[in-house]
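Observations on the model geometry
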Amino acid sequence: MGKVANYLKEKLERGEKLHFTLIDPAKVDDLSVLEKLALRLHDAGTDAFLVGGSIGVSPESAGEVSTILKKATGLPVIIFPGNINCLTPKADAVLFMVLMNSLEPYYLIQAQVQAAPLVKKYGLEPLPTGYLVVYGDTAVAHVGRVQPIPPEKPEIALAYALAAEMMGYRFIYLEAGSGASKPVPETFPQLIKKHSGITIIVGGGIKSPETANRLAKAGADIIVTGTIVEEDIEKAVSIIRSVKSL
Ligand code: 1GP
């Protein structure tokens, strides 16, 4: 197991709930403020940074952002790839993902085939992840040609999570979509936690400590927030603190 996987595993085994901060390089207008922002998030207790986005990320911008985050905080920087253009040797690891409910072969296998030689060349640690996009009305759903999961059918999400686990993925990422109007239903992590041992990441549309806490208590092991960092840093800090206090 690689360094980042070990870091996460040790924390999870201690019973900690984890928080990841997502930084989309396409939305960083001013790199000079990023260091201060990163320190603030680090001091609040975020456990790692995800770097990536669906649209407009270049390897250069992902590299610049990763370098600043790593240097400022020493926390792991994990690429969260919208596509292969997000890959950079400046990060530590990559969520090596399959968009499980995509209808598009590119997101099921071809992107991974394109990415694999680069991941190896860059020395990025792959974190095998099943990625499940729940709602149909978000950028990631549009770009990824997603077949949405009916919110009142947690058993479908469970079936995907079990398939992910049986195929050897270490993580299932339940995604509402960045900036989604609502987070994923709590019943999804609840049912998956009850019936499988896979590590559950939940993100998208989380804008309050209460929502983050509810999802973590329902079974999410790792909470991801992105948009709130851009919109309201104080709120982002309070979300991180509340997750880390569980
Ligand atoms: C998106 O899950 C992440 O991929 C975070 O979503 O930007 O809505 O916090 P938000």
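Shown above is the structure to which this text applies.
Summary of the structure given here. (Residues numbered from 1 in each chain as written. Predicted model: local features only at pLDDT ≥ 70, side-chain atom pairs only at ≥ 80, totals over all residues. Heavy atoms only, no water.)

Here we come to the site of the ligand. Residues in close proximity to the ligand total 13 residues, the closest being E175, S178, G179, G226 and T227. Here S178 contributes a side-chain N or O atom positioned 2.6 Å from an oxygen atom of the ligand. Looking at the shell around the ligand, its residues break down into three nonpolar, nine polar and one charged. (Near = heavy atom within 4 Å. Polar contact = N/O pair within 3.5 Å; in protein donor to acceptor, adjacent residues only side chain to side chain. Nonpolar A, V, L, I, M, F, W, Y, C, P; charged D, E, K, R; others polar.)

Of all 10 residues making up helix α8 (residues 209-218), seven are buried, and the element is well covered by its neighbours. Among the residues making up α8, those that are buried are P209, T211, A212, N213, L215, A216 and A218. Remark: G219 follows α8 within two positions and exhibits a positive phi of approximately 140°. (Buried < 20%, exposed > 50% of the residue type's maximum accessible area, 1.4 Å probe, protein only. Helix = DSSP H or I, 4+ residues; strand = E, 2+ residues; numbered from the N terminus.)

Taking strand neighbours around the barrel as the criterion, the eight strands line up as β1-β2-β3-β4-β5-β6-β7-β8 in a closed arrangement whose pairing is parallel. Neighbour-to-neighbour, the strand axes of the sheet open up by a mean angle of 30°, direction not taken into account. As paired elements, strand β4 (residues 93-99) and strand β5 (residues 125-133) share seven bridges and run parallel to each other. Along β5, the bridge assignment pairs V94 with P126. Contacts from helix α10 (residues 233-244) reach β1 (18-23) and β8 (222-225), with the element oriented near 155° to β1. (Pairing = 2+ DSSP bridges. Axes fitted to C-alpha atoms, helices over the stretch in contact; angles between N-to-C directions. Contact = heavy atoms within 4.5 Å.)

This part covers the pattern of salt bridges. Counted by the stated rule, this structure contains 13 salt bridges. Between K27 and D24 there is a salt bridge whose closest N-O contact spans 4.0 Å. The partner of K193 in a salt bridge is D221, with the nearest N and O atoms 3.0 Å apart. In this pair, K193 is assigned in helix α7 (residues 187-195) and D221 in the loop between α8 and β8, connecting sequence segments 28 residues apart. (Salt bridge = Lys/Arg side-chain N within 4 Å of Asp/Glu carboxyl O.)

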